[in-house]
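For reference, the chains in residue letters:
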Amino acid sequence: MAEKKSFVDDFEEYEVSEEHHPSKFGYVVKWIFFLLILFANGALIFRVCMAEDPRAVKSLAVNDALRAAYREYGDEFEIKTQHVYDMYTSDGIYYSTGLFYIPKARQIQVAVRYNIRTADGVVAGTPNNDMLVDVLESIRFFPPSPIANGVFVHHARSHVDISASDMRSGDFFAFRLVDDSSNYYTPTSSVKTTRMLYVYHKLTFDGVPEDGTNLYIEIYPLYGGLPDYTTVLGRMRVYSIERSADDYAISSSLKKELSRE
């Protein structure tokens, strides 16, 4: 009687005459797909990292006013921080960060940020800002001519193109601080930095009240280096008396910097 073969025996006797290899096209498609995923994830991570504000913007800037107040008040000297009440203007173009309030020095430090791709629309002119188009164009291409009442005579044009380089290198905006009593404060220091698509202005204001008032940043257009305080482009409440303020830890290195003559 013939021996009956099992299924396993049949399988072992089966020989594959030719190994199967994926086609070159499939291999290329697989690697393209892999690289696209890698690139998308890398771009997302890079975007998130670049959206983070630079350390210099979020750090306290030690200056002579702070050193003088620290020497005078010693242990009573304190630095307050607070999450900005209105981080963005109503149109979303301007953003505030890095708030420091130093009551004994009567000083506020805060940074204002804008994206060059959105803020250039304000500079170049929007449907509600045609005058700025004319003024900017005349400043760039024609010298302004002052007349008796202090108003400039400009040569109007219908459109202005502002490059990314212009937005990074030029100054198009002015800033002031205002309190609840309508007292205005101009910056005693303004440090401009750029990072990718963003422009930052780290502003220092001196002579502000020690307590008991809200503080607001107002943004205005600059015409040939002169601010137009009648045109408010944006407004943000940067310090609120309705919110509690946090104590900023004064480290040993910061004490050393504050004590420096």
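Structure first, text after, so check above.
Because the structure is a prediction, the values reported are computed rather than measured. (Residues numbered from 1 in each chain as written. Predicted model: local features only at pLDDT ≥ 70, side-chain atom pairs only at ≥ 80, totals over all residues. Heavy atoms only, no water.)

A. A look at the overall build of the chain. From N to C terminus, the chain includes eight helices and 13 strands. Among the 261 residues that make up the chain, the fraction classed as buried is 35%. Here the analysis covers contacts within the chain between residues at least 6 apart in sequence; of these, 64% occur between residues at least 24 apart. Here the chain has roughly 16400 Å² of accessible surface; of this, 55% comes from carbon and sulfur atoms. (Helix = DSSP H or I, 4+ residues; strand = E, 2+ residues; numbered from the N terminus. Buried < 20%, exposed > 50% of the residue type's maximum accessible area, 1.4 Å probe, protein only. Contact = heavy atoms within 4.5 Å. Areas by Shrake-Rupley, 256 points an atom, 1.4 Å probe, with all protein chains shown as cover.)

B. Region of the structure containing the pattern of salt bridges. The final tally for this structure, using the stated rule, is eight salt bridges. Among the ionic pairs, lysine 80 bridges to glutamate 78, the shortest N-O distance being 3.7 Å. Overall, glutamate 78 belongs to the partly exposed group, its relative accessible area being 32%. Within this structure, Asp64, Arg67, Glu257 and Arg260 form a network of salt bridges that share partners. (Salt bridge = Lys/Arg side-chain N within 4 Å of Asp/Glu carboxyl O.)

C. Up close: the pairing of strand S9 (residues 198-206). In terms of residue burial, S9 counts as a mostly covered element, since eight of its nine residues are buried. Pairing analysis gives nine bridges linking strand S3 (residues 107-115) to S9, with the strands arranged antiparallel. The partner of asparagine 115 across the bridge, within S9, is tyrosine 198. Hairpin connection, strand S8 (residues 189-195) to S9: the antiparallel pair is bridged by two residues, and methionine 196 has positive phi, about 55°. (Pairing = 2+ DSSP bridges.)

D. The arrangement of the packing of aromatic side chains in detail. Inspection of the entire model under this criterion finds nine aromatic pairs. The interplanar angle of 75° and the centroid separation of 6.1 Å between the aromatic rings of tyrosine 94 and tyrosine 114 together place this pair among those described as edge-to-face. Of the two residues, tyrosine 94 sits in strand S2 (residues 94-102) while tyrosine 114 sits in strand S3, which places them 20 residues apart along the sequence. Both residues of the pair, tyrosine 94 and tyrosine 114, belong to the buried class. (Phe/Tyr/Trp six-rings, centres within 6.5 Å; stacked < 30°, edge-to-face > 60°.)

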